[in-house]
Amino acid sequence: MRVPAMTTFETFRFRALCAGVIALLPSLFAVVAAEDTPPNIVLVMTDDQGYGDLGCHGHPYLQTPNLDKLYEHSTRFVDFHVSPTCAPTRSALMSGKAPFKNGVTHTILQRDRMALSSTTIAEILQSAGYTTGIFGKWHLGDEDPYQPHNRGFDKTFIHGAGGIGQRFSGAQGDAPGTDYFDPIIKDNNRFVKTDGYCTDVFFQETLGWIKEQKDSEAPFFAYLATNAPHGPFKVAKEYSDLYKDKCREKSAAFFGMITNIDENMGLLMRKLDEWELSDNTLLIFMTDNGSSAGTYNYNMKGKKNSADEGGARVPLFMRLPGLTTAGRDVDRITRHYDLFPTLAEIAGAKIPDDLELDGRSLIPLIKDPKTDWADRNLFFHTGRWPKKGAPRQWGKGDPDPNAAKYRNFAVRNERWRLVNNELYDIENDPSQTTDVAKSHPEIASELLAAFDVWWEEVRPMMVNEDAPLDVGKPFEEQFRKQQESEGIPAWERPTL
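Described below are features of the structure shown in this document.

## Describing empty space enclosed by the protein
Part 1 of the argument: Evaluated as defined, the whole model comprises three cavities of 30 Å³ or more.
Part 2 of the argument: Its boundaries defined by the atoms lining it, the largest cavity holds a volume of some 90 Å³.
Part 3 of the argument: Lining the largest cavity are 13 residues, with Ser83, Pro99, Phe100, Phe380 and His381 positioned closest to its centre.
Part 4 of the argument: For the lining of the largest cavity, the element with the highest residue contribution is strand β14 (residues 378-381), accounting for three residues.
Part 5 of the argument: For the lining of the largest cavity, the residue count by class is seven nonpolar, five polar and one charged.

So, in structure tokens, the structure goes:
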């Protein structure tokens with residue numbers, strides 16, 4: 001009789017149980033208790049931290065001992081790519097689809113709003129019995145229908161706009177008077193004044209929520225998206241002083257922010273151990289785009305907002321005992337939208353057939369990095385073309401996306417990267433030192449033709465291009481109304 005193949009979750013439980021039998025009895029009891037539910041998921045994503053902004057990736061002086069430890073204990077995807085800027089990456093992560101298919105073509109000017117037709121991974125995990133929480137940066141629309149409490153998250157603890165204190169044309173604007181220190185945060189749709197540095201605040205709130213969930217029968221999904229190390233580069237002097245003699249002031253603060261993140265990652269991992277959650281929790285660390293203020297770029301060309309390798313290749317560490325393998329590298333090209341089906345499979349969640357995801361599950365590569373993995377073309381575009389009615393500092397010229405079609409785009413597969421009219425053999429020239437378009441014209445033409453087909457597919461889905469900018473700012477308006485309802489005199493309220 002043929003024995004049916006085990007599902008990913010069944011495989012995880014079987015391997016975890018075998019490991020527990022070999023270990024001491026207390027470990028066995030913990031594994032048996034954990035097998036009743038699928039694993040918890042904690043996804044940490046930092047902002048503007050590039051591939052080279054880690055000690056474990058060879059940075060000559062940046063101190064990240066806790067992330068280095070996670071690196072050692074994880075399966076690492078060493079050719080993992082996101083988008084060149086943050087809101088597009090977040091939309092792909094949430095939806096499993098290319099950012100332009102979600103209408104996200106910019107980080108401001110109403111183009112950061114993830115289409116309401118998109119189903120989020122939080123909604124999919126909720127359908128599988130998960131309790132869900134987001135902590136930190138959302139950046140997929142400040143208007144209420146776009147907010148995470150309406151997109152699958154049970155717990156929300158977020159700042160507004162694309163960064164703490166930001167304010168741009170359109171609906172985007174954070175709470176008045178907020179800052180990186182003691183930020184004003186929207187906690188389950190009500191504003192609270194917090195105490196401490198923003199990254200510390202987000203990690204502490206996440207840990208408090210995880211502690212509340214740990215004894216529940218339901219698994220949890222915690223999405224912790226820090227605002228740091230995004231500019232403006234603000235951090236306690238004790239952190240920036242670590243690097244003041246090694247680089248410019250801006251970079252020193254940037255690295256100080258990363259060291260602070262690293263300390264919080266160490267606290268998170270210690271608490272998962274202390275609460276006996278580590279063996280049944282998938283811990284993920286990644287970043288949202290290339291470096292903004294780093295000094296070591298892993299010998300890659302381009303940083304944030306670039307269509308080159310350095311604009312979108314970022315770290316991805318995944319740790320789940322029984323499924324991932326400590327110290328294992330996966331060198332196949334992978335993408336941000338692959339995480340959606342991966343998390344759904346690990347959770348045992350069903351993905352509706354009509355979602356038509358761009359991503360594919362990473363589980364086969366986690367189990368065997370040498371498994372068959374069909375090559376594919378991945379498409380990049382920095383977007384950010386002009387918008388009619390926007391202030392001139394955000395670009396002038398033709399607001400038609402088609403006019404910017406061939407500006408700052410790329411097509412990448414396992415070997416090649418086409419960037420505008422240049423072609424690079426990434427397999428043999430990962431630093432993009434030599435344009436080989438003239439010696440391989442057939443490859444360049446093939447990739448350009450693939451991009452043309454992709455553009456025709458995504459162009460009708462750019463639903464935010466004509467969104468008006470003369471609208472209110474929901475965070476500011478809600479904050480004012482809350483202050484009025486609490487009887488706070490106008491002269492005591494923060495100003496914009």
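## Re the sheet that holds strand β3 (residues 80-81)
Part 1 of the argument: Taken in spatial order, the three strands line up as β10-β3-β13 in an open sheet, and their pairing is mixed. The sheet terminates laterally at β10 (313-314) and β13 (334-335), the two strands that pair on one side only.
Part 2 of the argument: With two bridges joining them, β3 and β13 adopt parallel strand pairing. Bridge pairing in β13 links His81 to Arg335.

## Re the pattern of salt bridges
Working definition: two side chains of opposite charge can pair if their charged atoms are close together.
Part 1 of the argument: Going through the model one piece at a time under the given rule, you end up with 25 salt bridges.
Part 2 of the argument: Linking Arg90 and Asp47 is a salt bridge whose minimum nitrogen-to-oxygen distance equals 3.8 Å. Of this pair, Arg90 sits in helix α4 (residues 86-95) while Asp47 sits in the loop between β1 (40-46) and α3 (65-73); the two residues are 43 residues apart in sequence, bridging distant segments of the chain.
Part 3 of the argument: Salt bridges sharing common partners tie together Asp47, Arg90, Lys137 and Asp288.

## Focus on the packing of aromatic side chains
Part 1 of the argument: All told, the structure shown has 30 aromatic pairs when counted by the stated rule.
Part 2 of the argument: Ring plane angle 65 degrees and centroid distance 6.1 Å describe the contact between Trp385 and Trp455, whose orientation is recorded as edge-to-face. Within this pair, whereas Trp385 is found in the loop between β14 and β15 (409-412), its partner Trp455 is found in helix α12 (residues 441-458), the two being separated by 70 residues in sequence.
Part 3 of the argument: Note on Trp385: relative accessible area 1%, which makes it buried.
Part 4 of the argument: Through a chain of ring-to-ring contacts, three or more aromatic side chains come together here, namely Phe100, Phe379, Trp385, Tyr406, Phe409, Phe451, Trp454 and Trp455.
Part 5 of the argument: Residue placement shows Arg76 over the ring face of Tyr71; its charged tip is 3.8 Å from the ring centre.

## Some details on the environment of Lys367
Part 1 of the argument: Take Lys367: it is sitting in helix α11 (residues 363-367).
Part 2 of the argument: By relative accessible area, Lys367 is classed as partly exposed at 33%.
Part 3 of the argument: Remark: the alpha-carbon pair of Lys367 and His336, spanning 31 residues in sequence, is separated by 19 Å.

## Observations concerning α4
Part 1 of the argument: For α4, a buried count of 10 out of 10 residues is recorded, marking the element as mostly surrounded by other parts of the structure.
Part 2 of the argument: Considered for burial, the residues of α4 that qualify are Cys86, Ala87, Pro88, Thr89, Arg90, Ser91, Ala92, Leu93, Met94 and Ser95.
Part 3 of the argument: One or two residues past the end of α4 sits Gly96, with phi positive at roughly 75 degrees.

## Brief notes about the packing of α3 against helix α8 (residues 249-274)
Axes are the key here: two packed helices are described by the angle between their axes and the distance separating the axes.
Part 1 of the argument: Running from N to C, α3 and α8 point in directions that differ by 50 degrees, and their axes come no closer than 7 Å. Judged by the angle between their axes, α3 and α8 are oblique. Across the interface between the two elements, Pro65, Asn66, Leu67 and Leu70 from α3 touch Asp262, Glu263, Met265, Gly266 and Met269 from α8.
Part 2 of the argument: The residue makeup of the contact of α3 with α8, split by class, is five nonpolar, two polar and two charged.

## A short note on the sheet that holds strand β17 (residues 422-425)
Part 1 of the argument: As summarised here, the arrangement of the four strands in space is β14-β15-β16-β17, forming an open sheet in which the pairing is antiparallel. One side of each edge strand has no neighbouring strand; the edge strands of this open sheet are β14 and β17. Taking each pair of neighbouring strands and ignoring which way they run, the sheet shows an average axis angle of 15 degrees.
Part 2 of the argument: Relative to β15, β14 is paired through four bridges, and the arrangement is antiparallel. Paired with Leu378 across the strands is Arg412, a residue of β15.

## Thoughts on the side chain of Ser306
Part 1 of the argument: Tracing the backbone shows Ser306 in the loop between β9 (281-287) and α9 (309-312).
Part 2 of the argument: Relative accessible area serves as the criterion here: at 13%, Ser306 is assigned to the buried category.
Part 3 of the argument: A polar contact is formed between the side chain of Ser306 and the backbone nitrogen of Asp308, at a distance of 3.0 Å.
Part 4 of the argument: Those residues in contact with Ser306, other than ones at most four positions away along the chain, are Pro84, Gly311 and Thr382.

## With respect to the environment of Phe153
Part 1 of the argument: Tracing the chain through its elements places Phe153 in the loop between β4 (131-136) and β5 (155-158).
Part 2 of the argument: Among the residues examined, Phe153 registers a relative accessible area of 3% and is labelled buried.
Part 3 of the argument: It is 9.5 Å that separates the C-alpha atoms of Phe153 and Ala222, two residues lying 69 residues apart in sequence.
Part 4 of the argument: Those residues in contact with Phe153, other than ones at most four positions away along the chain, are Met94, Ala122, Gln126, Thr132, Gly133, Ile134, Trp138, Pro148, Phe221 and Tyr223.

## Looking at the pairing of β1
Part 1 of the argument: Of all seven residues in β1, seven are buried; the element is thus mostly enclosed.
Part 2 of the argument: Burial along β1 is two-sided: the residues Asn40, Val42, Val44 and Thr46 and Ile41, Leu43 and Met45 are all buried.
Part 3 of the argument: Where β1 and β9 come together, seven bridges link them in parallel fashion. Across the sheet, the residue bridging to Met45 is Met286, located in β9.

Calculation criteria
- Here the residue numbers are simple positions, counted from 1 along each chain's written sequence.
- Thresholds applied to this predicted model are a pLDDT of at least 70 for local features of residues and 80 or more for the giving and counting of side-chain atom pairs; totals over whole chains, interfaces and linings are not thresholded and use all residues.
- Heavy atoms from the whole structure form the basis of all side-chain values; hydrogens and water molecules are not counted.
- Here a cavity is any set of points on a 1 Å grid over the protein atoms alone where a 1.4 Å probe fits but cannot get out, and a pocket is any open set with protein on both sides within 12 Å along at least 5 of 7 lines; a residue lines the site when it has an atom within 4 Å of a point.
- Grid points are joined across faces, edges and corners, and a volume is the space filled by probe spheres set on the points.
- Labels follow the DSSP assignment, with helices taken as runs of H or I lasting at least four residues and strands as runs of E lasting at least two, numbered in each case from the N terminus.
- Put simply, Ala, Val, Leu, Ile, Met, Phe, Trp, Tyr, Cys and Pro go in the nonpolar bin, Asp, Glu, Lys and Arg in the charged bin, and everything else, Gly too, in the polar bin.
- Strand pairing is assigned whenever DSSP detects at least two bridges linking the two strands.
- By definition here, a salt bridge exists when the distance from a side-chain nitrogen of Lys or Arg to a carboxyl oxygen of Asp or Glu is within 4 Å.
- Stacked, tilted and edge-to-face are the three classes applied to pairs of Phe, Tyr and Trp rings, where Trp contributes its six-membered ring and a pair requires centres within 6.5 Å; stacked means planes under 30 degrees apart, edge-to-face means over 60, and tilted covers the rest.
- The buried label goes to any residue with under 20% of its type's maximum accessible area, the exposed label to any with over 50%, and the partly exposed label to all in between, with areas taken from a 1.4 Å probe on protein chains only.
- When the NZ atom of lysine or the CZ atom of arginine is within 6 Å of a ring's centre and also within 35 degrees of its normal, the charge is said to sit over that ring.
- Geometry is summarised by axes, namely lines fitted to C-alpha atoms with helices restricted to the contacting stretch, and by angles between N-to-C directions that run from 0 to 180 degrees.
- Here the angle decides the label: under 35 degrees means roughly parallel, over 145 means roughly antiparallel, 65 to 115 means roughly perpendicular, and every other value means oblique.
- Throughout, a contact is declared for two residues whenever any of their heavy atoms are within 4.5 Å.
- Any pair of N or O atoms that falls within 3.5 Å is considered a polar contact. Within protein, one atom must be able to donate a hydrogen and the other to accept it, and sequence-neighbouring residues count only if both atoms are side-chain atoms.

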